Amino acid sequence: MKAHEIFEYDSKYIIHTYKRTPVIFVKGKKCFLWDIHGKQYLDFVSGLAVNNIGHCNFKVTSAIRNQSYKLMHVSNLYYTVPSVKLAKELCRISFAQKCFFCNSGAEANEATIKLTRKYAKTKFGENKHTIITFSSSFHGRTMGTLTATAQEKFHKGYEPLLPGFKYANFNDIESAKNLIDENTAGIMVEPIQGEGGVNIATQEFIQGLRELCDKNNLLLIFDEVQTGIGRTGAMFAYEHYKITPDIMTLAKAIGGGLPLGVMLTKDTIAEVFDYGSHASTFGANPVVCAAAIAVLNIIQKEKLIKNAKEMGEYFLSKLQNLKAKYNKIVDVRGLGLMIAVELNSSGEKIVEECMKEGLIINLIGEKIIRFLPPLIVTKKEIDKAINILNKVGASLLAQ
């Protein structure tokens, strides 16, 4: 199929919920993508934090191939080996004792909303149902997770929203405290807000939320859909804060490029979900679970968490140098390889010009450029990205 046909048929047959850049990717390897014309790009978006181990890792593709020869799908009414192996490994490396598998971060957060309400109602009374979330959060696009997302721009056109949510100010413990009442069941937070602008929760804020939840018999929920699986320089971002949540959600990077969401929790919480409480037809798909097992093995054996920490610090230092050089950059922030550059005006042209130069970066809103390189990234590749940003910045960042 020719490029012009792809653009034509996409326009004709696909609902346009994405504002797409006019490039057609056909191949990926490690930190690079190639388009239909053979042009190479350095990928510092990683499928929005999905391709943490890079594109088309041989060990992952081998796991997918080998499992697909054996068993591709069976109902969750029966047992499979990959799902049990993956659940065991996730519990081993985290605080959790139980897992629920689904297909996406939104589904994992939906499961969490249901579990939180059922737990609170079962343990503390029928009036317990409200969940507190935070300004600039993003938890998904289903009706439940859309309502949990405390950004009005995502709500427009979908009212009435699901009742039972209250919105506090991010990094403001008093704001959360003031919303707690006899109906509150839990508090849901991203330790680093991805879609909100790479906003990093402070140590005091997260520890304060843990204390509030302990004091008021509330569940503390960490949405680690974007921060989990090594992205921040720890396997899970909660490790940076020296506390553990009661529930954690994962997706994006866990499947190595295949769709997988996970809700993790403790035995005493999971027990309120009994037969028929919740389900997901394709959750715990054997092929996807085999890929996820390979992903976790690679991250641990190849010390990619250590690399994410070291390369994140290196990249941040290089971006700080750009900030000192260019007036348009007002802030540089991040943790591990989840990094943002905030501008004083629109960054759309910068993203477009970087794409032309072979660097893929992501714009959040109008003024925040997000960088999510694979955890396998090297100094050489970071230097290449910085050189492109400098080349583009000579005309666009100094304004």
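Here, every reference points to the structure presented above.
Only a predicted model underlies this, so the values are computations on that prediction, with no experimental measurement involved.

Undergrad: When you look at the packing of helix α13 (residues 348-356) against helix α14 (residues 379-396) in this model, what are you seeing that I'm missing?
TA: For any two helices packed against each other, one specifies the crossing angle of their axes together with the interaxial distance. Their axes nearest at 10 Å, the elements α13 and α14 cross at an angle of 135 degrees. In terms of axis orientation, α13 runs oblique to α14. Of the two possible hands of crossing, α13 and α14 adopt the one that is right-handed. Residues Lys349, Ile350, Glu353 and Cys354 of α13 pack against Ile388, Leu389, Val392 and Leu396 of α14.

Undergrad: Would you mind going over the packing of helix α12 (residues 304-325) against α14 with me for this structure?
TA: The interhelical angle for the contact between α12 and α14, taken along N-to-C directions, is 20 degrees, at an axis separation of 10 Å. Viewed along their axes, α12 and α14 adopt a mutual orientation that is roughly parallel. By crossing handedness, the relation of α12 to α14 is classed as right-handed. Residues Met311, Tyr314, Phe315, Lys318, Leu319, Leu322 and Lys325 of α12 pack against Lys379, Ile382, Asp383, Ile386, Leu389 and Asn390 of α14. Among the residues making up the contact of α12 with α14, the classes are represented as eight nonpolar, one polar and four charged.

Undergrad: Explain the pattern of salt bridges here, please?
TA: Side-chain pairing between opposite charges can occur once the charged atoms of the two side chains come close. Under the definition given, this model contains 20 salt bridges. One salt bridge in this structure joins Arg20 and Asp10, with 2.3 Å as the shortest N-O distance. With Arg20 in the loop between α1 (3-13) and β1 (25-29) and Asp10 in helix α1, this residue pair connects regions lying 10 residues apart in the sequence. Between Glu310 and Lys306 there is a salt bridge whose closest N-O contact spans 2.8 Å. Remark: Lys306 and Glu310 occur in helix α12; sequence separation between them is four residues, near one turn of the helix. On the basis of relative accessibility, which here comes to 36%, the residue Glu310 falls in the partly exposed class. The class for Lys306 is partly exposed, based on a relative accessible area of 48%. Through salt bridges with shared partners, one network takes in Arg210, Asp214, Asp246 and Lys266.

Undergrad: Just checking my understanding: could you explain the pairing of strand β17 (residues 368-371) for this structure?
TA: Consecutive residues of a regular strand have side chains that alternate between opposite faces of the sheet. Burial along β17 is two-sided: Ile368 and Arg370 and Ile369 and Phe371, pointing in opposite directions, are all buried. With four bridges joining them, strand β14 (residues 338-343) and β17 adopt antiparallel strand pairing. Its bridge partner being in β17, Glu342 is matched across the sheet by Ile368. Bridge count between strand β16 (residues 362-364) and β17: three bridges; the pairing is antiparallel.

Undergrad: Mind showing me how you'd approach the packing of aromatic side chains here?
TA: Centre-to-centre distance and the angle between the planes together describe a pair of aromatic rings. The full count for this structure, using the stated rule, is 11 aromatic pairs. Aromatic side chains Phe32 and Trp34 sit 6.4 Å apart centroid to centroid with 45 degrees between the ring planes, which places their arrangement in the tilted category. Taking 5.6 Å as the distance between ring centres and 80 degrees as the angle between the ring planes, the aromatic pair formed by Phe44 and Phe315 counts as edge-to-face. A residue pair is termed long-range when its members are at least 10 positions apart, and Phe44 in the loop between β3 (40-43) and α2 (46-49) and Phe315 in helix α12 qualify at 271 residues. Per residue, the accessibility class of Phe44 equals that of Phe315, and both read buried. Put simply, the rings of Phe44, Phe315 and Phe371 touch in pairs and so form one group of aromatic residues.

Undergrad: I would appreciate a short explanation of the layout of surface pockets in the present structure.
TA: Which parts of space are left empty comes out when a probe the size of a water molecule is rolled across the atoms. Of the volumes computed, that of the second largest pocket is approximately 1,200 Å³. Asn76, Cys99, Phe100, Phe101 and His278 are, among the 32 residues lining the second largest pocket, the residues nearest its centre. Of all the secondary structure elements, the ones that give two or more residues to the lining of the second largest pocket are α4 (81-93), β4 (98-102) and β12 (261-265).

Undergrad: What exactly am I supposed to notice about the sheet that holds β17 here?
TA: Sheet strands pair via backbone hydrogen bonds, and the direction of the pair is either parallel or antiparallel. Read from one edge to the other, the open sheet built from four strands follows the order β13-β14-β17-β16, with strand pairing classed as antiparallel. Each end of this open sheet is capped by a strand with a single partner; those strands are β13 (329-335) and β16. Taking each pair of neighbouring strands and ignoring which way they run, the sheet shows an average axis angle of 25 degrees. Together, β13, β14 and β17 form the strand contacts of α12, whose direction differs from that of β13 by roughly 175 degrees.

Undergrad: Looking at this structure, I do not really get the environment of Lys85. What am I missing?
TA: Within the fold, Lys85 resides in helix α4. Along the primary structure Lys85 and Cys289 are separated by 204 residues, whereas in three dimensions their C-alpha atoms are 8.4 Å apart.

Undergrad: When you look at α12 in this model, what are you seeing that I'm missing?
TA: Given 3.6 residues per turn, any residue in an α-helix points the same way as the ones three and four places further on. Relative to the 32 Å expected for 22 residues at 1.5 Å per residue, α12 spans 31 Å between its end C-alpha atoms, a close match to the ideal helical length. Check the buried side of α12 and you find it contacts α11 (286-301), β13, β14, β17 and α14.

Rules and cut-offs
- Residues numbered from 1 in each chain as written.
- Predicted model: local features only at pLDDT ≥ 70, side-chain atom pairs only at ≥ 80, totals over all residues.
- Heavy atoms only, no water.
- Axes fitted to C-alpha atoms, helices over the stretch in contact; angles between N-to-C directions.
- Helix = DSSP H or I, 4+ residues; strand = E, 2+ residues; numbered from the N terminus.
- Parallel < 35°, antiparallel > 145°, perpendicular 65-115°, else oblique.
- Left-handed = near helix turned anticlockwise from the far one by under 90°.
- Contact = heavy atoms within 4.5 Å.
- Nonpolar A, V, L, I, M, F, W, Y, C, P; charged D, E, K, R; others polar.
- Salt bridge = Lys/Arg side-chain N within 4 Å of Asp/Glu carboxyl O.
- Buried < 20%, exposed > 50% of the residue type's maximum accessible area, 1.4 Å probe, protein only.
- Pairing = 2+ DSSP bridges.
- Phe/Tyr/Trp six-rings, centres within 6.5 Å; stacked < 30°, edge-to-face > 60°.
- 1 Å grid on protein atoms, 1.4 Å probe; cavity = no way out; pocket = protein on both sides within 12 Å on 5 of 7 lines; lining within 4 Å.
- Points joined across faces, edges and corners; volume = space filled by probe spheres on them.
- Expected span 1.5 Å × (residues − 1).

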